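In case you want the letters, here they are:
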Amino acid sequence: MTNHTPLLDLKAQYREIREEIQKAVMGVLEGGRYILGPEVKSLEEEVAAYSGTRYGIGVANGTDALLLTLDAWGIGPGDEVITTPFTFFATAEVISKLGARPVFVDIDPETCNLDVSLLENHVSEKTKAVIPVHIFGQPANLDEVTAFAEKHGLRVLEDAAQAIGAEYKGRRIGSFGDAATYSFFPTKNLGGYGDGGMVVTDDAQLAETLKSLRVHGRSPHSKYHNALIGYNSRLDELQAAALRVKLQYLDRWNEARRERARVYNRLLEGLPVTTPVEAEDRKHIYHLYIIQTEERDGLMEHLKSRGIGTAAYYPVPLHLQEVYRDLGYREGDLPVAEEICRRSMALPLYPELDEATQMRVVEAVKQFFDS
Ligand SMILES: *Cc1c(COP(=O)(O)O)cnc(C)c1O
């Protein structure tokens, strides 16, 4: 018997739906349409409906979903975009890629999302957009972010890569901003068997521009007339077919994650770790189950020696990334994000996890603090 508990077990999920996935994939192979065919179109409609938006535009990955949207809005050199330093690098990378400047705002220590009370200090005439990230599956303060954006005439792009199916005040995230982006990277709550991403929006003009940008800026009227300088960034039919199967399980899987999180919260009670908080009026879908402790590195080492998978999320806040040295940030500028980067780590969490395994994980945590 192996005594290994991975951080995430993608094979367990595949085993549960193997026949349906194989049937869907075979259907694409037999059908002969491999790029931007009926499966992508159906998935776009289904994910848009799921998100409460009119349009869905499939692209190659979650990073491109962000990049193409900012590009479609004309964001470039001389512009600033406000976002969080506590996220996956891609969120800020796309801003820089377009020649604009990411402006980082510190986070709320409880939810790890943007601290909305600080937004006003960071707005300038150059600010064009704000990207709230629903980090780890917990929605950002969308009312405050959208009110701030409206006041200053900014666009809001929800980075929902980690949060498909999460809810804010009883409504699924994805339709609060001017657009929202999803990633279908295999480890995400709705993950394919390869890369994939999507933008959802109510804006018909944006949808049309994105559909052009993803095929080299092609004119909607003619294949060999280019209206824009674009990209080659498409979601493929195989991924779309598999994702359509998985979308039907998403709510069930998210509920299972929430149940696993509740079990951890209960089992970890009394130990010197901070467990995640579900803020009022939010439905957190636990893309990751993150705990905080002063002894993060030691605890990770201990769990690893016991065959338990963990990971630091995120070890380096983006404003202190080496590549961003020229932005001029110093240690101490965004103290909450910096502190949480020293303390936070993920415990194994996936819908198929069972309580006995969770007890084993927590037993190992307890042992670390006892010794
Ligand atoms: C995963 C992720 C992305 C990027 O998605 P890819 O599909 O890997 O390109 C962007 N933002 C956040 C917050 C993510 O977690």
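Predicted, not measured: the structure shown is a model, and the values here were computed from it. (Residues numbered from 1 in each chain as written. Predicted model: local features only at pLDDT ≥ 70, side-chain atom pairs only at ≥ 80, totals over all residues. Heavy atoms only, no water.)

Enquirer: For this particular structure, what's the right way to read the site of the ligand?
Expert: In the region of the ligand, 14 residues are neighbours, and Gly62, Thr63, Asp159, Ser183 and Lys188 sit closest. Asp159 is positioned such that a nitrogen or oxygen atom in its side chain is 2.8 Å from a nitrogen atom of the ligand. At a separation of 3.0 Å, an oxygen atom of the ligand approaches a polar side-chain atom of Lys188. Calculation on the ligand without its partners gives an accessible area of 380 Å², and the protein chains cover 93% of this total. Going through the elements one at a time, helix 3 (62-72) and helix 4 (90-97) are the ones with two or more residues in the shell around the ligand. Across the shell around the ligand, the residue classes tally to four nonpolar, eight polar and two charged. (Near = heavy atom within 4 Å. Polar contact = N/O pair within 3.5 Å; in protein donor to acceptor, adjacent residues only side chain to side chain. Areas by Shrake-Rupley, 256 points an atom, 1.4 Å probe, with all protein chains shown as cover. Helix = DSSP H or I, 4+ residues; strand = E, 2+ residues; numbered from the N terminus. Nonpolar A, V, L, I, M, F, W, Y, C, P; charged D, E, K, R; others polar.)

Enquirer: Looking at this model, I keep getting lost on the UniProt feature "active site" (unreviewed entry) in the chain. Mind explaining?
Expert: In this structure's numbering, the residues bearing the UniProt feature "active site" (unreviewed entry) are Lys188. Tracing the chain through its elements places Lys188 in the loop between strand 8 (179-183) and strand 9 (197-201). Judged by relative accessible area, Lys188 falls into the buried class, the value being 15%. (UniProt positions renumbered as here; feature names shortened; annotations may be inferred. Buried < 20%, exposed > 50% of the residue type's maximum accessible area, 1.4 Å probe, protein only.)

Enquirer: How do you make sense of a nonpolar patch on the surface when you look at a structure like this?
Expert: Taken together, the side chains of Met26, Leu29, Tyr34, Ile35 and Leu238 present a nonpolar region at the surface, about 440 Å² in accessible area. Inspection of the secondary structure puts Ile35 in the loop between helix 1 (10-31) and helix 2 (38-51). (Patch = residues over 30% accessible without salt bridge, like charges linked within 9 Å, V, L, I, M, F, W, Y side chains within 5 Å. Salt bridge = Lys/Arg side-chain N within 4 Å of Asp/Glu carboxyl O.)

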